[in-house]
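Geometric and topological summary
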Amino acid sequence: MKNIGGKHNLLLLLSTFFFGGFEVLNALPYDYTASAECLENPHKPQYGGGVIVNAELNEGLKGWSSFGNAKIQHRESKGNKFIVALGRNQQHASVSQKVSLQSGKLYTFSAWIQASKGGVPVTAMFKTGSGTYIRAGSIVAESNCWSMLKGGFPANASGPAELYFESKDASVEIWVDSISLQPFTEEEWKSHQDQSIAKIRKSNVKIQAVDKQGKPLANAKISIQQKSPTFPFGCSLTKYILKNTAYQNWFLSRFTVATFGDEMKWYSTENTQGHEDYSVADAMLQFTKQHNIAVRGHNVFWDDPFYQLGWVKSLSPQQLASATQKRLNSVMNKYKGQLIGWDVVNENLHFNFFESKMGANASALFYNWAIRADAATTLFLNEYNTIEESADEATTPTKYLRKLKEMRTFPGNERGRFAIGLESHFTTPNIPYIRSSIDTLAAAGVPIWITELDVANGPKQTLYLEQILRETYAHPHIQGIVLWAGPTEKGCYRMCLTDNINFKNLPNGDVVDKLIHEWGLKGLVSGTTDAKGFFEASLSHGDYDVSITHPNSKSSSLVQRLNVKSTASSQKPLFLKFSS
């Protein structure tokens, strides 16, 4: 306990009670569930199918028709009824249902898919009356079991549309069951965000102030200052911060976690073979330690051939294996126990530089070495376009999960602490697809972070940034967010939060500050106790200093540390006693 001010003539008793969240709007709840497993039978359709007719196919082919000259059949297996597209001779030939879309609404879509041949990508599409095509989501379908495709899209215009499924492999049958298309208004969608934040990020706290006789103290001034938020919210850092006080002040007043943009990468620490230089990364890590900023390690390897040093490219496969093992052991042993995570391999769904040289198991082997070097640190796969672009078939949620499974099941990797890193480099966000993709990824049961969030420059950059931040912060399975906006002397990558001279906020920085304030991260809440000595507040999870002042006390302020955490865990009332 810390006391501030003079001697106390009063004995004050402060009790706090924690309560759960509350409903914001009486809207249809969003269903965050998804399945990463291929099952013998599909689950029931979400929302009872929503606007889809005959969603479980229990009424034959009612509501369904052929698309692209495919033949369709109604089948039953082990008591489960479903629809099949067969005799396909084009990638878009499949089953179809006509729906009506409403402009401004956000649609979540799901279906269970099976194919006559395993490992076949299948995409859910909507063809509108104007001839435009909307991609709802994709799945890698298997044979002999059902996989859940979950996606979504915003409707930009009202009118008829036709749902169908496509696969580039026209030789396979596509089986479909438990289809759902559920619209939400923007207000309903925001209510899901508000309800989720109230439930998973905040707790309602009731404080009572009483005197030494236990009598309530009315009109006592309460000030609750958050010192350390539980949720990691951060930004990338560059070496520019080491010599710029304005940069330091701007960063430290907002963020609790950092990722070094370039300074830990291989091309920065061993530009010339055999000559390692960690001096810049060391100085930056010393700075972050001094200010209690947690650091994500970025990265051990980058699978993109464009970013390989010339001397690395010139190595033979055996030499490269030796050099990569030396690199990993060097950087991970040097910073062992000092980082909260490592991006062990960057972008190994899009690229395969190391696999092309060392064999198909190169990335899995790197994780194996990483576990041996530092088994206690969380190891990330870090990839882009998994939630940004539904059209990027290389990194769909199901393909990400297949890669994650490949890494985790490699011999010796079972004990590794794996996590999902979503780079999140957006152009135009598809908010329903972001949510549904994270739902699918969450089925793996490992931590998920937004690791490099930015938005391409454009007239709606600030609007899109706010939409994405609200969506990702509200998702119950996101455990941290890092913005990719660390400035250099020449500027920033794609998205600037401030000018890089005086560090005054630009519009994007104002959005970040607004949300930090709204979410109560590093925030201050103050007020006055009522006639019964009570004060209530909704506080984001973290550590706080609670300050209490009363006109009858000679002390200027009494301060006690308070920890607010999820009400899912056991909470006991906290009694704080102050005496002279």
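Here's a quick rundown of the structure.

**Some points on the sheet that holds strand β12 (residues 174–184)**
Strand order in the open sheet formed by five strands is β4-β5-β12-β7-β10, and the pairing between neighbours is antiparallel. Since the sheet does not close on itself, it has two edges, and those belong to β4 (71–77) and β10 (147–154), each with one partner. Along the sheet, successive strands turn relative to each other by an average axial angle of 35°, direction set aside. Those strands touched by helix α1 (residues 186–200) are β7 (106–115) and β12, and its axis lies near 95° from that of β12. Where helix α10 (residues 431–442) meets the sheet, its contacts fall on β7 and β10, and the angle it forms with β10 comes to roughly 160°.

**Section: the packing of aromatic side chains**
Any two aromatic rings considered together are summarised by their centre-to-centre distance and by the angle between their planes. Considering all chains together, one arrives at 36 aromatic pairs under this definition. Residues Tyr240 and Phe503 carry aromatic rings whose centres are separated by 6.2 Å and whose planes lie at 45° to one another, so their mutual orientation is tilted. In this pair, Tyr240 sits in the loop between β15 (233–237) and α2 (245–252) while Phe503 sits in the loop between β23 (478–483) and α12 (507–519), placing the two residues 263 residues apart along the sequence. Judged by centre distance (5.6 Å) and plane angle (70°), the ring pair of Trp250 and Phe255 falls under edge-to-face. You'll find Trp250 and Phe255 in the same group, each marked buried. In textbook terms, an aromatic cluster arises when at least three aromatic residues are bridged by ring pairs, as seen for Phe231, Phe233, Tyr240, Tyr247, Trp250, Phe251, Phe255, Tyr473, Phe503 and Trp519. Arg201 extends its terminal NZ or CZ atom over the ring of Tyr473, reaching a point 5.1 Å from the ring centre. The ring centre of Trp189 lies 3.6 Å from the NZ or CZ of Arg435, which sits over that ring.

**Concerning the pairing of strand β11 (residues 159–166)**
Across the eight residues that make up β11, a large majority, seven, are buried. Note that strand β6 (residues 94–101) and β11 share six bridges and pair antiparallel. Bridge assignment links Leu101 to a residue of β11, and that residue is Gly159.

**Description of α1**
Relative to the 21 Å expected for 15 residues at 1.5 Å per residue, α1 spans 21 Å between its end C-alpha atoms, a close match to the ideal helical length. Among the residues making up α1, those that are buried are Trp189, Ser191, His192, Gln193, Gln195, Ser196, Ile197 and Ala198. Elements in contact with the buried residues of α1: β7, β12, β13 (202–210), α10, α11 (461–474) and α12.

**Considering the state of the cysteines**
The final tally for this structure, using the stated rule, is two disulfides. Covalent S-S linkage joins Cys38 and Cys145, the inter-sulfur distance amounting to 1.9 Å. Taking the sign of the S-S torsion, about 100° here, the bridge from Cys38 to Cys145 comes out right-handed. A residue pair is termed long-range when its members are at least 10 positions apart, and Cys38 in the loop between β2 (12–19) and β3 (65–67) and Cys145 in the loop between β9 (133–141) and β10 qualify at 107 residues. The side chain of Cys492 participates in a disulfide bridge whose partner is Cys496; the two sulfur atoms lie 1.7 Å from each other. The disulfide joining Cys492 to Cys496 has a torsion of about -90° about its S-S bond and is therefore left-handed. Of note for the protein: the bonded cysteines, numbered N- to C-terminal, pair according to 1-2, 3-4. Left without a disulfide partner, Cys235 is nearest to the cysteine sulfur of Cys492, which lies 9.5 Å away. For Cys235, a relative accessible area of 0% puts it in the buried group.

**A look at the nonpolar core**
Core analysis: the largest hydrophobic core is formed by 96 residues, its most contacted members being Phe233, Phe251, Trp342, Leu469 and Leu483. The dominant element in this core, judged by the number of residues it contributes, is helix α8 (residues 362–373), at eight residues. Not counting residues within four places of it along the chain, the set of residues in contact with Phe233 comprises Phe255, Thr256, Val257, Leu469, Ile481, Leu483, Val512, Ile516, Trp519 and Leu521.

**So, the environment of Ala443**
Take Ala443: it is sitting in the loop between α10 and β22 (448–455). Sequence separation of Ala443 and Gly119 is 324 residues, and the distance between their C-alpha atoms is 19 Å. Discounting chain neighbours no more than four positions away, the residues touching Ala443 are Ala34, Ser35 and Ala36.

**Section: the packing of α11 against α12**
One way to put it is that α11 packs onto α12 with a least axis distance of 9 Å and a crossing angle of 30°. In terms of axis orientation, α11 runs roughly parallel to α12. Along this stretch, α11 crosses α12, giving a crossing that reads as right-handed. Taking contact as the criterion, the partners of Gln461, Thr462, Leu465, Glu466, Leu469, Arg470 and Tyr473 in α11 are, on α12, Pro507, Asn508, Val511, Val512, Lys514, Leu515, Glu518 and Trp519.

**Re the pattern of salt bridges**
The full count for this structure, using the stated rule, is 26 salt bridges. A salt bridge links Asp343 to Arg296; the nearest nitrogen and oxygen atoms lie 2.5 Å apart. In this pair, Asp343 sits in strand β18 (residues 341–346) while Arg296 sits in strand β17 (residues 294–302), placing the two residues 47 residues apart along the sequence. For Asp343, a relative accessible area of 0% gives the class buried. Assessed through its relative accessible area of 1%, Arg296 is described here as buried. Among the salt bridges present, the one from Glu466 reaches Lys514, with a minimum N-O distance of 3.0 Å. Of this pair, Glu466 sits in helix α11 while Lys514 sits in helix α12; the two residues are 48 residues apart in sequence, bridging distant segments of the chain. According to the relative accessible area criterion, Glu466 is buried, its value standing at 16%. Given a relative accessible area of 39%, Lys514 falls into the partly exposed group.

**Quick notes on the sheet that holds β11**
Strand order in this open sheet of five strands is β3-β6-β11-β8-β9, and the pairing throughout is antiparallel. Of all the strands in the sheet, the pair left with one neighbour each is β3 and β9. Neighbour to neighbour, the strand axes of the sheet diverge by 35° on average, direction disregarded. Across three bridges, β3 lies against β6 in antiparallel orientation. Bridge pairing links Ser65 to Ser96 in β6. The sheet strands contacting helix α9 (residues 397–409) are β8 (120–128) and β9, and the helix crosses β9 at an angle near 25°.

Thresholds applied
Residues numbered from 1 in each chain as written. Predicted model: local features only at pLDDT ≥ 70, side-chain atom pairs only at ≥ 80, totals over all residues. Heavy atoms only, no water. Pairing = 2+ DSSP bridges. Helix = DSSP H or I, 4+ residues; strand = E, 2+ residues; numbered from the N terminus. Axes fitted to C-alpha atoms, helices over the stretch in contact; angles between N-to-C directions. Contact = heavy atoms within 4.5 Å. Phe/Tyr/Trp six-rings, centres within 6.5 Å; stacked < 30°, edge-to-face > 60°. Buried < 20%, exposed > 50% of the residue type's maximum accessible area, 1.4 Å probe, protein only. Lys NZ or Arg CZ within 6 Å of the ring centre and 35° of its normal. Expected span 1.5 Å × (residues − 1). Disulfide = S-S within 2.5 Å. Core = buried A, V, L, I, M, F, W, Y, C linked by side-chain atoms within 4.5 Å. Parallel < 35°, antiparallel > 145°, perpendicular 65-115°, else oblique. Left-handed = near helix turned anticlockwise from the far one by under 90°. Salt bridge = Lys/Arg side-chain N within 4 Å of Asp/Glu carboxyl O.

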